Amino acid sequence: VLRISHLAAVLLWADWPEGLREKTAPRFAAHREALGVSPDDPALSRRVRAFLLKLIKSEGDEACRNLFK
């Protein structure tokens, strides 16, 4: 489960715009180090993103859900 959380964080972070990735790189360094080599698989990234959005929309509170409409 811990490895999957690192994978999800790194996959989502990798799709962010360049400037945002640069600003947040220190915050994601631990995830990148724990994961090692990140898979370069666009299909996996899409599946992880879709799953997390579905989870947020179904389980998040209203304030959180409004951010992902």
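A short tour of the structure in this document, coming up.

Rules and cut-offs
- Residues numbered from 1 in each chain as written.
- Predicted model: local features only at pLDDT ≥ 70, side-chain atom pairs only at ≥ 80, totals over all residues.
- Heavy atoms only, no water.
- Helix = DSSP H or I, 4+ residues; strand = E, 2+ residues; numbered from the N terminus.
- Salt bridge = Lys/Arg side-chain N within 4 Å of Asp/Glu carboxyl O.
- Contact = heavy atoms within 4.5 Å.

## Some remarks on the environment of Ala34
Tracing the backbone shows Ala34 in helix H2 (residues 18-35). Note: C-alpha distance between Ala34 and Leu2 (32 residues apart in sequence) is 9.3 Å.

## Let's talk about the pattern of salt bridges
Tallying each qualifying case throughout the model produces two salt bridges. Here Arg49 and Asp15 are joined by a salt bridge, their closest N and O atoms 3.0 Å apart. Taken as a pair, Arg49 in helix H3 (residues 42-59) and Asp15 in the loop between helix H1 (2-14) and H2 lie far apart in primary sequence, 34 residues in all. The salt bridge involving Arg21 is made with Glu18; its shortest N-O contact spans 2.5 Å. Placement of both Arg21 and Glu18 in helix H2 is noted, with a separation of three residues, approximately one turn of the helix.

## Brief notes about the side chain of His6
Note on placement: His6 falls in helix H1. Aside from chain neighbours lying at most four places away, what touches His6 is Ala30, His31, Ala34 and Leu35.

Geometry only, nothing functional implied.
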